[in-house]
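One-letter residues, chain by chain:
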Amino acid sequence: MANQLVSLTRDADVAILTIENPPVNALSPGVPEGISAALDQAGRDPAIRAVVLIGGGRTFIAGADIKELEHAAQGQGAAPKLHALLAQIEDSAKPVVMAIHGTALGGGLEVAMAGHYRVASPDAQAGQPEVNLGIIPGAEGTQRLPRLVGVAAAIDLCVSGKPVSASQGLSMGLIDRIIEGDLRAGAVTFAREMAERGGPHRKTRDRREKLGSPQENAPLFAAGREQARKTRRNMTAPLVAIEALEAAATLPFDEGCRKEREMITACLASDQCRALIHAFFSERAAAKIPDVPKDTPAMAVGSAAIIGAGTMGGGIAMAMANVGISVRLKDSDAVALDRGMAVIRKNYESSVKKGRFSQAVMDQRMALIQPQLGYEGFDSADLVLEAVFENLALKKQIFSEIDKIARPDAVLASNTSTLDIDQIANATARPASVIGLHFFSPAHVMRLVEIVRGKATGKPVIATALALAKKLKKVGVLVGNCNGFVGNRMMFPYIREAQFLVEEGATPQQVDQALFAWGMAMGIFAVDDMGGIDVLWRARQEAKHLEKPGARRPLVHDKLYEMGRLGQKTGAGWYRYDENRRPSPDPEVLALIEQTARAAGIPRREIATEEILERCLYVMINEGARILEEGYALRAADIDTIYLAGYGFPSYRGGPMWYADTVGLQKVARRIEEFHRQHGVLWEPAPLLLRLAAEGRTFAEYDAAREQSVSAA
Ligand code: NAI
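Residues numbered from 1 in each chain as written. Predicted model: local features only at pLDDT ≥ 70, side-chain atom pairs only at ≥ 80, totals over all residues. Heavy atoms only, no water.

### Here we look at the sheet that holds strand β8 (residues 164-165)
The strands making up a sheet associate through backbone hydrogen bonding, with each pair oriented either parallel or antiparallel.
Item 1. With respect to topology, three strands assemble into an open sheet ordered β5-β7-β8, the strand pairing being mixed. Of all the strands in the sheet, just β5 (103-105) and β8 have a single pairing partner and so form its edges.
Item 2. Inspection of the sheet shows strand β7 (residues 125-127) paired to β8 by two bridges, in the antiparallel sense. In the strand pairing of β8, Q125 is matched with S165. (Pairing = 2+ DSSP bridges. Helix = DSSP H or I, 4+ residues; strand = E, 2+ residues; numbered from the N terminus.)

### Things to note about the sheet that holds strand β12 (residues 369-372)
Item 1. Strands sit in the order β12-β11-β10-β13-β14-β15-β16-β17 across an open sheet of eight strands; the sheet is mixed. Where the open sheet ends on each side, the last strands, each with one partner, are β12 and β17 (475-480). Each neighbouring strand pair of the sheet contributes to a mean axis angle of 25°, computed without reference to strand direction.
Item 2. Relative to β17, strand β16 (residues 448-453) runs parallel, the two being bridged by six bridges. Note on β17: the bridge partner recorded for R453 is G480. (Axes fitted to C-alpha atoms, helices over the stretch in contact; angles between N-to-C directions.)

### Regarding the packing of aromatic side chains
Aromatic ring pairs are reported here in terms of the distance separating the ring centres and the angle at which the planes meet.
Item 1. Under the defined criterion, the tally for this structure stands at 12 aromatic pairs.
Item 2. Between Y117 and F190 the ring centres are 5.6 Å apart and the planes differ by 75°, which places this aromatic pair in the edge-to-face class. Here F190 lies in helix α8 (residues 183-197) and Y117 lies in strand β6 (residues 117-120), a separation of 73 residues in the sequence.
Item 3. Exposure remark for Y117: the relative accessible area of 9% places this residue in the buried category.
Item 4. Look at Y643 and Y647: their rings are 4.4 Å apart centre to centre, the planes differ by 20°, and that puts the pair in the stacked class.
Item 5. Y643 gets classed as buried once you look at its relative accessible area, which sits at 1%.
Item 6. You can call Y647 buried: its relative accessible area is 17%.
Item 7. One cation-aromatic arrangement involves K330 over Y375; the distance from NZ or CZ to the ring centre is 4.5 Å.
Item 8. Positioned above the aromatic ring of F357, the side-chain terminus of R365 is 4.4 Å from the ring centre. (Phe/Tyr/Trp six-rings, centres within 6.5 Å; stacked < 30°, edge-to-face > 60°. Buried < 20%, exposed > 50% of the residue type's maximum accessible area, 1.4 Å probe, protein only. Lys NZ or Arg CZ within 6 Å of the ring centre and 35° of its normal.)

### Side note on the site of the ligand
Item 1. In the region of the ligand, 22 residues are neighbours, and M312, D331, E390, K395 and S417 sit closest.
Item 2. Residue S332 places a main-chain N or O atom 3.3 Å away from a nitrogen atom belonging to the ligand.
Item 3. For the ligand, whose unbound accessible area comes to 830 Å², protein coverage reaches 81%.
Item 4. Contributions of two or more residues to the shell around the ligand are made by α13 (311-322), α16 (392-405) and β15 (434-439).
Item 5. Sort the elements by how many residues they give to the shell around the ligand and α16 lands first, with three residues. (Near = heavy atom within 4 Å. Polar contact = N/O pair within 3.5 Å; in protein donor to acceptor, adjacent residues only side chain to side chain. Areas by Shrake-Rupley, 256 points an atom, 1.4 Å probe, with all protein chains shown as cover.)

Next up, the structure:
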């Protein structure tokens, strides 16, 4: 035995090194050492002619240990160093064959590329996803990858971060053979063949034939930079990765590696890397609910019944059918039901056309969705989910109906985006079974599900909802029951402030442009037009009782609603839309804004980008702090996850609360106090924010302290 994480066994003259570090054979401390020791042992054994490195369990090495990366990013330790191991593998006189199944990602692929040969199972995947964490492949990956696959493919792998399949890997030169059937046996046979064929077994670092000439490469690097700027807007790591690949193409291997090391060190010290690692761990932490432990009994949802075949009901039906859950989709209106099914069909057809899946898969999914006007079959569904119009009286009516039909142990869920889950639950005789499942539009695409816990919601129902989100490949975040829950509760002040800015002199496109350039997926007015001016209008009508007396109200939105400018769906909202839904500024809206401001006596002025950003973002952060203090979110990190997975917040800024930490809570609090003085009651600073700022603490520290007190309790 080499050590507990890597075992050494023999198949006659072939040594087999097996990594045993479940669940994903990450390169945690001990794994590189184990490989090194086993390789050493195999090297010294005269009976051994070749070596196979394989992962135990379900995968090859799926990547670095991200906890280690986090420590390095926080300046609390060096990044894991693999260089000595990679040289040892490559310098081995006996051929080393990497046998890949599952995934070889990041450091896993870098180890694999140091081997003399790579074989893979047909369903294996390999990739360099480091950019997703704000870094570059830093264990010589940027230097070996282009030597194996060429510059163009290496750029694509490093910038997109997306893995390739075994057959793609084979055609690009990353994989030497695909092994059908038993991988280990196939790898041993391959290793023996290579040993018999004899050396020299080429070292990847010595290959140069695919590196191209400066003339050939110049357009590839230019196109790569363009791709990075478009698909990874504002992110530094993809551009740094391209620079490292340029070094690979122009410098000797060792010098390229030295450059790569400088670059990865700089990446690890960057704000973007820290934010992305925060995002990574936050998403995983969201499923941990202190009073709903892992062993809480959860139901595996296999069948669902949905009421309302509109935008959301249809999208949710697709999300369910996509993972094999059978769905009964009911609407009260035959025309709406037909339209809903037609939309589902069209969406699937467009995916088949784009080659995302086959016609057969589409047919299977369509067959799982049963349209109907009545309640038949609702008595056998594991989950009954309501997605009718956003109207409390209607929702209560629906819940009292399904209460009479649904199975006693069924979960009863509402997709409401703002309404009171307790009131909905109380329309049934089983409030413990009722929960909010707030999906986002389009529901078959957006990853976020806010799981809304009512006063009476049972723990098994929460556990079931979390398990369902996971099954749907979405991110479930538990939130409390307040108006708008977490995401929309923060979005309401955000969009309100954006409207105040245009009343005071900015234009909608100026505000949107500032937000987009800062990193938001879309500007807020474009979002409003996409969601529908009427949707926000209706939510406001339902929440009138929550308005602060005497507070300023935005004036233009109601007028757009009254004019029937409902956004994209009517071809006009804050913007005007052509038949391809491309927006352009509308002079009519600009005139309406000016005229409304004049009539209300609001002085107009030039507004700087900085003010736009501060007012839009800080108002959101202030509301987030209040939500956190009131306990409607369990952690600041959960708020971040919600904004990253559901609201197009830029991942490399870590989410609104993390972003506030990086700005400095003292600065944020000071600006909010100034805005409070200038703009009145809507800017009242959140007490928690003021307290943390005064104590010189951050939201991340607040989370950590709470976590400790929970685990101590
Ligand atoms: P929608 O108007 O597209 O669809 C509602 C559907 O419910 C219509 O097809 C209607 O015929 C049907 N319906 C109405 N009364 C019914 C009844 N008594 N029985 C059966 N079907 C009935 O609305 P949308 O946008 O899908 O919204 C549904 C719910 O999802 C609302 O609560 C909304 O707040 C929420 N939501 C909406 C989001 C969005 O972006 N549109 C995002 C997240 C939540």
